[in-house]
Amino acid sequence: MKKTKILGTGSYVPKKVLTNEDLSRIVDTDNEWIYSRTGIKERRMVAEGETGSDLAYHSSLKAMEAAHTAADQLDMIIVATLTPEKRLPATACLLQDKLKAKNACVYDINVACSGFVYGLSIADQYIKTESMNRILVVGTEVMTKILNWKDRSTCVLFGDGSGAAVLGPTDQSERVLLSTHLFSNGSLYHLLEIPAGGTGTEWTPDAFERGDHLVKMKGKEVFREAVESMSSACEIALQKANLTIPDIDVFIPHQANSRIIYAIAKRLHFPEEKIFINVDKYGNTSGASIPIALDEAVRQGKIKSGHKVLIATFGAGFAWGSALIQW
Ligand code: ACO
C-alpha cells in the first residue's frame, strides 16, 4: 500500500478587511469585547460578485503550483463548504470549470468547519489504495453571506477565505499523512444551525422574519463541546500513533476562537509556542480555517522537514476530528 503525501498547499483570502472597529458601526459591539472573548481583530469579506469558487480557484492554483501539478493531472476534486455558491450544482463543478481540470471527478462535502479534515481522510483512502493519483482537497467559505448582521453574538466571529492541498502517493516518509480520526454527534445539531432553507424547512416570510435563514448558535454550549471534542480527538490521534505531546512540533487547531484554542492547550499541557494561530487576522473561516492555517504555517517556515504536525477540527453537526502529518 502507498502512503499519502501532501504535495503542495495554497490559500487565498479576499482583499477586503473588516475590522472590529468596522463592526462596531454595524452592531452594538466594540473591539475590547470581541478581542478579549475571541482573539479576533479582523476578518476578510468577499467583494461584490466574488464567490466561493473564485476564492477556491486562487487557493487551488497556489496549491497546484507548489505541488507541480497541472489541472489536467487532477483525478478528483473535493470541495468542503457549508456556503455552496448555488444549491445546484456543487461548488466543485464551478471550480472544475474555472481550473479546466477536465479529467477530474468532483463533488462537495458539507461537514461544516471539519470539512477539510474529512476531505483529507476521504482522499487518503483513494490514494493509499492507488485508485487515484492526484486529488485536490479545498475548503472554501463565504461566511459573510450567511450571517445575521443584527446578531452581535455570531456576526463578529466569522470571515471568508479558502485553503487547498494537493495529495498524491509516495513510498517515502516526507510530508506524509499518518492518520485521520473522524467523529460526529448529530443529536446536538440544534446548537449550531441554519434552521430554514432546506427542503424540510423552507424559506417562508415568518422564517425570514426570525432570521432562520441565517446562522444561529448557542455560543456557550458550542464552546464547551469544541474544547471537549478537539481535546479528545487529539488524545486519540496521539494514543493510536504511540506519541505524546512532546513529540508534536506544531499544533494546528481549528481557528474558531483563541479562548477555545488555549483551553485545549491547557487541558493537554500543550506549550503555547507550538500552536499556530491566525484567527486574529481572519476570524473563523469554517471549512477554510485548517487549510489556510496549514498553508501559512508551511509558507512561514513554522513547519519544517521532519516535524510532526497535529491538526484538530470541530464544527456544526457536531462533527470533529484530528489528523497527524509527518512533514
Ligand atoms: N459585543 C458586545 N457584547 C456582546 C456581543 C458582542 N459582539 N455578543 C454578545 N454580547 C453580550 C451578550 O449579549 C451578553 O450580554 P448580557 O450579559 O447583557 O446578556 C454578554 O455579552 C455575554 O454573552 P455570552 O454569550 O455569555 O458571552 P460569552 O462569554 O459566552 O462569549 C462567545 C460569547 C464569544 C460567542 C462564546 O460563547 C464563544 O466563543 N463560543 C464559541 C463560538 C464558536 O467559536 N463557534 C464556532 C465553533 S464551531 C465552528 O467553527 C462552526
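Above this text you will find the structure in question.
Rules behind the numbers
- Residues numbered from 1 in each chain as written.
- Predicted model: local features only at pLDDT ≥ 70, side-chain atom pairs only at ≥ 80, totals over all residues.
- Heavy atoms only, no water.
- Pairing = 2+ DSSP bridges.
- Helix = DSSP H or I, 4+ residues; strand = E, 2+ residues; numbered from the N terminus.
- Right-handed = clockwise from strand over helix to strand, strands pointing away.
- Buried < 20%, exposed > 50% of the residue type's maximum accessible area, 1.4 Å probe, protein only.
- Phe/Tyr/Trp six-rings, centres within 6.5 Å; stacked < 30°, edge-to-face > 60°.
- Lys NZ or Arg CZ within 6 Å of the ring centre and 35° of its normal.
- Axes fitted to C-alpha atoms, helices over the stretch in contact; angles between N-to-C directions.
- Parallel < 35°, antiparallel > 145°, perpendicular 65-115°, else oblique.
- Left-handed = near helix turned anticlockwise from the far one by under 90°.
- Contact = heavy atoms within 4.5 Å.
- Nonpolar A, V, L, I, M, F, W, Y, C, P; charged D, E, K, R; others polar.
- Expected span 1.5 Å × (residues − 1).
- Arc of directions from axis to C-beta.
- Salt bridge = Lys/Arg side-chain N within 4 Å of Asp/Glu carboxyl O.
- Near = heavy atom within 4 Å.
- Polar contact = N/O pair within 3.5 Å; in protein donor to acceptor, adjacent residues only side chain to side chain.
- Areas by Shrake-Rupley, 256 points an atom, 1.4 Å probe, with all protein chains shown as cover.
- 1 Å grid on protein atoms, 1.4 Å probe; cavity = no way out; pocket = protein on both sides within 12 Å on 5 of 7 lines; lining within 4 Å.
- Sits in = over half its atoms within 2 Å of the grid points.
- Core = buried A, V, L, I, M, F, W, Y, C linked by side-chain atoms within 4.5 Å.

**Thoughts on the pairing of strand S5 (residues 105-109)**
Bridging between strand S4 (residues 76-80) and S5 involves five bridges; their strand directions are parallel. Considered in S5, the bridge of methionine 76 is made with cysteine 105. Since S4 and S5 lie parallel, the crossover through helix H4 (residues 91-99) that links them has a hand, and here it is right-handed.

**Points about the environment of asparagine 242**
Tracing the backbone through its elements, the reader meets asparagine 242 in the loop between helix H8 (219-240) and strand S11 (250-253). Accessibility expressed as a relative area gives 70% for asparagine 242, which makes it exposed. For the pair asparagine 242 and glutamine 300, spaced 58 residues apart in sequence, the C-alpha to C-alpha distance is 29 Å.

**A look at the packing of aromatic side chains**
Inspection of every chain in the model, using the stated rule, returns five aromatic pairs. Among the aromatic residues, ring-to-ring pairing joins Phe183, Phe314, Phe318 and Trp320 into one connected group. Positioned above the aromatic ring of tryptophan 203, the side-chain terminus of arginine 87 is 5.7 Å from the ring centre.

**Things to note about the packing of helix H3 (residues 52-66) against H4**
Where H3 meets H4, the axes come as close as 9 Å, and the angle between the chain directions of the two elements is 55°. It follows that H3 is oblique to H4 by the angle criterion. Between H3 and H4 lies a crossing whose hand is right-handed. Within the contact between the two elements, H3 uses Ser53, Asp54, Ala56, Tyr57, Ser60, Leu61 and Met64 and H4 uses Thr91, Leu94, Leu95, Lys98 and Leu99. Among the residues forming the contact of H3 with H4, the class breakdown is seven nonpolar, three polar and two charged.

**Looking at H3**
An ideal rise of 1.5 Å per residue puts 21 Å on 15 residues; H3 measures up with 21 Å between its terminal C-alpha atoms. When H3 is considered as a whole, its buried residues turn out to be Gly52, Ser53, Leu55, Ala56, Ser59, Ser60, Ala63 and Met64. Looking down the long axis of H3, one finds its buried residues gathered within 160° of arc, a one-sided arrangement. Elements in contact with the buried residues of H3: strand S1 (3-12), H4, strand S6 (135-141) and strand S7 (161-170). Directly beyond the C-terminal end of H3, a positive phi value near 50° is found at histidine 68.

**Notes on the pattern of salt bridges**
The final tally for this structure, using the stated rule, is 11 salt bridges. Across the salt bridge formed by glutamate 21 and arginine 25, the nearest N and O atoms sit 3.9 Å from each other. Note on arginine 25: relative accessible area 60%, which makes it exposed. Look at the salt bridges and you will find they share partners, linking Glu21, Asp22 and Arg25 into a network.

**Some remarks on the site of the ligand**
In the vicinity of the ligand, 23 residues are found, and the nearest of them are Thr29, Cys113, Lys220, Asn257 and Asn284. Here glycine 219 contributes a backbone N or O atom positioned 3.0 Å from a nitrogen atom of the ligand. Residue lysine 220 places a side-chain N or O atom 2.6 Å away from an oxygen atom belonging to the ligand. Relative to its unbound accessible surface of 1000 Å², the ligand loses 75% to contact with the protein. Its atoms largely coinciding with the cavity grid, the ligand occupies the second largest pocket. When residues in the shell around the ligand are grouped by element, the largest group, four residues, is from H8. When its residues are assigned to classes, the shell around the ligand shows 11 nonpolar, eight polar and four charged.

**Focus on H4**
Where H4 is concerned, the buried positions are Thr91, Ala92, Leu94, Leu95, Gln96 and Leu99. Residues of H4 that are buried sit in contact with H3, S4, S5 and S6. Positive phi appears at lysine 100, one or two residues downstream of H4, with a value of about 60°.

**Overview of the nonpolar core**
Residues Phe251, Phe270, Leu310 and Phe318 are the most contacted members of the largest nonpolar core, which totals 47 residues. Elements with a contribution of two residues or more to this core: H8, helix H9 (258-268), strand S12 (308-315) and strand S13 (319-326). With eight residues, H8 is the largest single contributor of residues to this core. Ranked by size, the runner-up nonpolar core spans 33 residues in total, among them Ala80, Val111, Met132 and Ile290.

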